[in-house]
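# Residue-level structural notes
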Amino acid sequence: MRCRKANEYISRSVDGELAGRKAARLERHLASCGECRALLEDLRKIVGGATELDAPEPSDRVWRNIRAGLAAADVKPLVEGISLEPRPFFGLGAPALRYAGVAALAVVLVFSGVVIGTRLGRQGTPARSDRGEKYTLAKLDEAERYYQQAIKSLNEAFVSEKGALVPQVAELFDRNLAVIDATIQACRRAVLEEPDDLQARRYLLSAYTEKVTLLDSALDLQKRDRETAGKGKKIL
Amino acid sequence: MERTSPERPVWGTADKARLAELVERGRAGDLAATEALYEMFKRPVFGLIYRHAQNQAVAEDLLQDVFLKIFTHLREVRDAGTFPGWVFRIALNTSYSYLRQKKAQGDKLVPLDDLGGNIEDRATEAVEKDLRGPLEQAIRTLAPRLRSVFVLHDVQGFKHEEIARTLGCAVGTSKSQLFKARIKVREYLRVKKAV
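Looking only at helices and strands, one finds 8 helices and 1 strand in chain A. Its helices and strands in sequence order give chain A the pattern α-α-α-β-α-α-α-α-α, from N to C terminus. For chain A, the residues scored as buried account for 33% of the 236 residues in total. Taking as baseline every contact in chain A between residues at least 6 positions apart, the subset at least 24 positions apart corresponds to 67%.

Here is the structure:
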């Protein structure tokens, strides 16, 4: 048996899919080939290690946003007895952060409206399509206002404690922010030139989303740093 | 980031009757059923998305997009048996779409978590002697398609038949891509002297 064939058998052997004559042939090859033996050993380690990898867990805010998005899109009437009582937003303590959270959630709600509006525009007859497009444009305008509000609030929350960030992270934040702001400016110019161009507006909203995500990440890091510092003080 | 025990497959082990019931109730607009579906699938779907996005906040946003798409189109699901494959297909398409968008931006943006993570990694390097850290790094270096097959098969325990259905390819293609992915992971780990 050549090594190339042996490699194929090795991968199947690692998965427990090799038996009988083929397994015996592989055994004979392995007895005389150190490289293939090393490959088998490494692949066993890799596959064993892969099954042991930790599962990353999404935070609770994801389901809250999905639920809010479904409610905003009014996808279906809810079944009796199930309430949609709002839970505390984002679990944030400080008023500025809470407000930022509310603004960010508003973006999600309005964006869901945009998605639905776009779909209406695509699916309808020509007359409905016009209505759908106007609705979508109106929703995009609304979404942009909410994005700007969310960014303003997140920015205020962030700037108040920007000094808490590690200098390397702060520098990286500024660099990313410059790229996103340049993208937003370019998209805005495109929208101003062609106000009815849905694609340009979507790119603009996408750039706003990037900015919200960046600010959100920075706030998370600030919160983590504060918690770490708090623990340090307790130990001292 | 919150992390728990290793990922477990949903597909093969899910209670099919329960899944069918939840999909049916979800289609009828039962919010509790949609939440139960989300709980059932969130970890493996997030595990897959996270390994493409490589950033917790971005992965959470993508997860949200995925489930909004799923629940707004739930009425289109005719057979609950196809539901898991459909869910993972949407997750992969959303991940690939994000990667294309990211590439279009020329990778100018570096997620802040990346730097934060690196700083933390350096602090814990001395105590982290197992394969998990280098293996996660090796997975990041894989091309998206190879990464998907490796994560679905070796990390999440999917069968080649299930992967082939999700990716829309032949079973043989899934097997050969897994082999390529493993070889590339091994090359990376050897360079890092982790195996």
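In terms of regular secondary structure, chain B is built from 9 helices and 1 strand. Helices and strands in chain B line up, N terminus first, as β-α-α-α-α-α-α-α-α-α. Taken over 195 residues, chain B has a buried fraction of 44%. A separation threshold of at least 6 residues defines the contact pool for chain B, and within that pool the share at least 24 residues apart is 70%.

Okay, helix H7 (residues 144–155) of chain B next. With respect to burial, H7(B) is a largely interior element, 10 of its 12 residues being buried. By the burial criterion, the buried members of H7(B) are B:Leu146, B:Arg147, B:Ser148, B:Val149, B:Phe150, B:Val151, B:Leu152, B:His153, B:Asp154 and B:Val155.

Moving on to the packing of H7(B) against helix H9 (residues 171–191) of chain B. All names here are of chain B. For the pair H7 and H9, interaxial distance at closest approach is 8 Å and the crossing angle is 95°. Taken together, H7 and H9 sit at an angle that is classed as roughly perpendicular. Two secondary-structure elements touch here, H7 through Arg-145, Leu-146, Val-149, Phe-150 and His-153 and H9 through Ser-174, Gln-177, Leu-178, Lys-180, Ala-181, Lys-184 and Val-185. Of the residues assigned to the contact of H7 with H9, the class counts are 6 nonpolar, 3 polar and 3 charged.

What follows deals with the confidence of the model for chain B. All names here are of chain B. Chain-level pLDDT for chain B is 84 on average; 80% of the residues reach the 70-or-more range. Of the regions scoring below 50 in pLDDT, residues 1–5 engages in 11 contacts with residues more than four places distant in sequence or in other chains. Contacts from residues 116–128, a stretch scored under 50 in pLDDT, to residues over four places away or in other chains number 5 contacts.

Here we come to the packing of helix H3 (residues 34–51) of chain A against H9(B). At a minimum axis separation of 10 Å, H3(A) and H9(B) run at an interaxial angle of 100°. Considering the angle they form, H3(A) stands roughly perpendicular to H9(B). The residues of H9(B) that touch H3(A), namely those facing A:Asp42, A:Leu43 and A:Ile46, are B:Arg182, B:Val185 and B:Arg186. Here the residues of the contact of H3(A) with H9(B) sort into 3 nonpolar, no polar and 3 charged.

This brings us to helix H6 (residues 132–141) of chain B. Residues and elements named next belong to chain B. Within H6 the residues assigned to the buried category are Leu-135, Ala-138 and Ile-139. Relative to the axis of H6, the buried residues are bounded by an arc of 100° and lie together on one face. Those residues of H6 that are exposed and aimed more than 90 degrees away from the buried face are Arg-140 and Thr-141.

This brings us to unusual backbone geometry. Residues and elements named next belong to chain B. The backbone of Gln-54 shows a phi angle near 60°, a positive value even though the residue is not glycine. Structurally, Gln-54 is set in the loop between helix H2 (31–53) and helix H3 (56–72). Of note, the phi angle at Lys-193 is positive, near 55°, even though the residue is not glycine. Within the secondary structure, Lys-193 is located in the segment after H9.

For the rest of this paragraph, the subject is the nonpolar core. Counting residues in each nonpolar core, the largest one holds 61 residues, and the members touching the most others are B:Val45, B:Ile49, B:Leu63 and B:Phe150. Those residues in contact with B:Ile49 that sit more than four places away from it in its chain are B:Ala59, B:Leu62, B:Leu63, B:Ala91 and B:Ser95.

Considering the arrangement of structural elements, one finds B:Ser95 in helix H4 (residues 83–104). Setting aside chain neighbours within four positions, we find B:Ser95 in contact with B:Ile49, B:His52, B:Ala53 and B:Leu62.

Right, let's talk about the environment of B:Ser174 for a bit. Residues and elements named next belong to chain B. Tracing the chain through its elements places Ser-174 in helix H9. Residue classification places Ser-174 among the buried positions, given that 24 C-beta atoms sit within 10 Å. Considering only alpha carbons, one finds Ser-174 and Lys-159, 15 residues apart in sequence, at a separation of 9.5 Å. Contact partners of Ser-174, with chain neighbours within four places excluded, come to Val-149, His-160, Ile-163, Ala-164, Leu-167 and Cys-169.

Attention now moves to the confidence of the model for chain A. As a note on interpretation, predicted positions should not be read in detail where pLDDT is low. Looking at chain A as a whole, the pLDDT averages 73, with 70% of positions reaching at least 70. Confidence drops under a pLDDT of 50 for residues 115–128 of chain A, and excluding neighbours within four residues, the segment shows 14 contacts in the predicted structure.

Turning our attention to the environment of A:Val47. Tracing the sequence through the fold places A:Val47 in helix H3. Overall, the presence of 19 C-beta atoms within 10 Å leaves A:Val47 in the partly exposed class. On a C-alpha basis, the gap between A:Val47 and A:Ser11 in space is 10.0 Å, while along the polypeptide they are 36 residues apart. Discounting residues that sit within four places of it in the chain, A:Val47 has contacts with A:Val14 and B:Asp154.

Parameters and conventions
Residues numbered from 1 in each chain as written. Chains lettered and ligands numbered in written order. Predicted model: local features only at pLDDT ≥ 70, side-chain atom pairs only at ≥ 80, totals over all residues. Helix = DSSP H or I, 4+ residues; strand = E, 2+ residues; numbered from the N terminus. Buried ≥ 20, exposed ≤ 12 C-beta atoms within 10 Å, placed from the backbone. Contact = placed C-beta atoms within 7 Å. Axes fitted to C-alpha atoms, helices over the stretch in contact; angles between N-to-C directions. Parallel < 35°, antiparallel > 145°, perpendicular 65-115°, else oblique. Nonpolar A, V, L, I, M, F, W, Y, C, P; charged D, E, K, R; others polar. pLDDT = per-residue confidence, 0-100. Arc of directions from axis to C-beta. Core = buried A, V, L, I, M, F, W, Y, C linked by C-beta atoms within 7 Å.

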